[in-house]
Every structure is written in C-alpha cells, then in structure tokens.
Amino acid sequence: MSRRRAAIVISGRGSNMSSLLSAAAAAEFPARFVVVISNRPDAAGLRHAAAVGVATEVVNHNRFSDRAGFEAELDARLRAHDVELVCLAGFMRLLTAPFVESWRDRLLNIHPSLLPAFPGLDTHARALAAGVRFAGCTVHLVRPEMDSGPIVAQAVVPILPRDDEASLAARVLLAEHRLYPFAVRLIADGSATLVGDRIVYGAGQSFPEPALLSPTPASPSLAYRCG
Ligand code: GRF
C-alpha cells in the first residue's frame, strides 16, 4: 500500500495533531504526515512534532501584509513537501476562497461541534446556552464558507446536567482525538469518496445502530439504547 503524503497545519496546542501523528505511527495507516506547519512560532504543537521526528515549519502570518501573501507562502511550503492531503488541526486563521479552491477535496478540518450547528468560535458555550442535549465534533472537507463542507465523519457526546464549558470541551476533545484519525483513514484509503457534494462510504464501512439518548432514561434496560 502506498501511503498518502499529508501535512498538518496548526496554530497552538496541537492535541489533534498528536492524535494524528500517533495513528500514523502504525505502518498500515494509509497516510504519512511529512510536515507540520504552524502560523504561530510559539505553537506548543511544533515541539511535540519535532520530538517525534516530523519536519516542522513556521509560516508566521504576522510577517505578511495580507492574507494572499501568507497563503501563497503556506501553499508553497505544502507543495514543496509534495503533499496530497492537508489536515487543519486547531488552525485559527480563515482561509480565502482561492487557497481553499486550490486544495479542493484535499483539505480537511476538525470542528468541535456537530456541524452545521455552531460554526465559528465559542461552540461549547453556545451549545450550553442553547440547551441542546448532545454535542460533538465534525471532520469535513473544507469549502470557502467558514466551517462548511462535505462531512466525512462526526462523533456525538452527551451534554450532562452539570456541564460547564470546560467539562464539555474536555469530553468533546476526547472524541476529536478518536474521530480525526478515523476520518483521515476513510479519506486516505478511499473508503469515503465524494459524490456531488456529499461523502459516501464503501461497502466495508460499519455504522453504529442504536440511538443515544440524553438524558439517560432511568430504566437500565433503556439506558443509552432505544429501538
Ligand atoms: C480543537 O477543539 C479543534 O476542534 C478546534 O480547535 C481545537 C484545537 O485543539 N478547531 P488542539 O490544538 O488540537 O489541541
């Protein structure tokens, strides 16, 4: 199997980056991360990537007078590493349509909500304020409109009665760490493909059947399952 050359683009902590790098440490993972690029020189994720032997680069957005200049440099670095797939992982800059279109269907993002609900920032606070009973995360192909694009995979977590922003963010983040490698695998090995503007899955893919209820019914026989 030839593993697809991939990049990760970050701005900060890089915990999703770390989960991708860990998954790709397995020889059978269908993608190989050849570079991690940060727009911030102080991103903590850069140190971790270097420590596990992955090439790192900084394209500092502050050094460019406009977005076009920054994106041209980012694009040049990605192409210099000959990557086929780019994973945004906590990358905190908006990308313009020309950049997004030039990487169309090869650019993935993870967002900490069940898109199309709660795009943008402060997703957990907004989910709590809205009183929704489930939160989660989404990996999607990137389109020019913020946090939009064909959904590759989602993970759902319950919102518990005593949750605050921090506890909910922590629960969602654990799900993110499982979801992103799973989604990259689906794309990289071809078991998820784009038909029109929706993702479809190959025959080998299995799906969870039972419904998840929140709050959990008191009866143990109904707990977490219905139908
Ligand atoms: C994650 O919640 C991700 O979904 C969002 O930004 C956060 C980045 O965290 N886009 P990390 O840098 O991966 O730890």
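Each value, and the rule that gives it
- Residues numbered from 1 in each chain as written.
- Predicted model: local features only at pLDDT ≥ 70, side-chain atom pairs only at ≥ 80, totals over all residues.
- Heavy atoms only, no water.
- Axes fitted to C-alpha atoms, helices over the stretch in contact; angles between N-to-C directions.
- Helix = DSSP H or I, 4+ residues; strand = E, 2+ residues; numbered from the N terminus.
- Parallel < 35°, antiparallel > 145°, perpendicular 65-115°, else oblique.
- Left-handed = near helix turned anticlockwise from the far one by under 90°.
- Contact = heavy atoms within 4.5 Å.
- Nonpolar A, V, L, I, M, F, W, Y, C, P; charged D, E, K, R; others polar.
- Salt bridge = Lys/Arg side-chain N within 4 Å of Asp/Glu carboxyl O.
- Buried < 20%, exposed > 50% of the residue type's maximum accessible area, 1.4 Å probe, protein only.

Undergrad: Explain the packing of helix α5 (residues 123-130) against helix α6 (residues 165-188) to me, please; I cannot follow it from the model alone.
TA: Helix-helix packing is characterised by the crossing angle of the two axes and by the distance between the axes. Between α5 and α6, whose axes approach to 9 Å, the crossing angle comes to 115 degrees. What the angle tells us is that α5 and α6 run roughly perpendicular. For α5 against α6, the interelement crossing comes out right-handed. On α6, the residues touching His 124, Ala 125 and Leu 128 of α5 are Glu 165, Leu 168, Ala 169 and Val 172. Looking at the contact of α5 with α6, its residues break down into 5 nonpolar, 1 polar and 1 charged.

Undergrad: Got a minute to help me understand the pattern of salt bridges in this structure?
TA: Should their charged atoms come close, side chains of opposite charge can pair. Scanning all chains against the criterion turns up 10 salt bridges. Arg 40 is paired through a salt bridge with Asp 42; the nearest N and O atoms lie 3.2 Å apart. Owing to a relative accessible area of 39%, Arg 40 belongs among the partly exposed residues under this scheme. Put simply, Asp 163 and Arg 171 hold a salt bridge, and the shortest N to O gap is 2.7 Å. The exposure class of Asp 163 is buried, given its relative accessible area of 13%. Through salt bridges with shared partners, a single network forms among Glu 57, Glu 73 and Arg 77.

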